[in-house]
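As a plain string of letters, each chain reads:
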Amino acid sequence: MLSVLGPGLNSNITRIRTDQEEHLRNILASAHGSVLEHASFFFILHNASRVVTHELARHRAGTAVSQ
């Protein structure tokens, strides 16, 4: 698969940020907060009962749950 994400490979990309803090500061400074709506978080529940996992899946306001 040919990558089109990188300086010189795509005329719309002039540089790639490697510092996450700088990138977040730029997003917040430009008031382009919709980018942050698509954040993903992962966590693991170890030794959780079936009841707990089903209640979390049932009451998952605005999230997607995989069991």
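Look a little higher up for the structure.
What comes next is a walk through the structure. (Residues numbered from 1 in each chain as written. Predicted model: local features only at pLDDT ≥ 70, side-chain atom pairs only at ≥ 80, totals over all residues. Heavy atoms only, no water.)

### Topic: the overall build of the protein chain
Now for step 1: Secondary structure summary: the protein chain contains two helices and zero strands in total.
Now for step 2: Accessible surface, the protein chain as shown: approximately 6,600 Å² in total, 58% of it carbon and sulfur. (Helix = DSSP H or I, 4+ residues; strand = E, 2+ residues; numbered from the N terminus. Areas by Shrake-Rupley, 256 points an atom, 1.4 Å probe, with all protein chains shown as cover.)

### With respect to unusual backbone geometry
Now for step 1: Residues other than glycine seldom take positive phi values, yet Asn 47 does so here, at roughly 60°.
Now for step 2: Mapping Asn 47 onto the fold places it in the loop between α1 (20–29) and α2 (50–58).

### Considerations on the pattern of salt bridges
Now for step 1: Scanning the model with the defined rule gives two salt bridges in all.
Now for step 2: The salt bridge involving Glu 21 is made with Arg 25; its shortest N-O contact spans 3.5 Å. Of the two residues, Glu 21 and Arg 25 both sit in helix α1, four residues apart, roughly one turn of that helix. Comparing Glu 21 with Arg 25 shows no difference in burial state: the two are exposed.
Now for step 3: Glu 55 is paired through a salt bridge with Arg 58; the nearest N and O atoms lie 2.4 Å apart. Of this pair, Glu 55 and Arg 58 both sit in helix α2, three residues apart, which is roughly one turn of the helix.
Now for step 4: By relative accessible area, Arg 58 is classed as exposed at 54%. (Salt bridge = Lys/Arg side-chain N within 4 Å of Asp/Glu carboxyl O. Buried < 20%, exposed > 50% of the residue type's maximum accessible area, 1.4 Å probe, protein only.)

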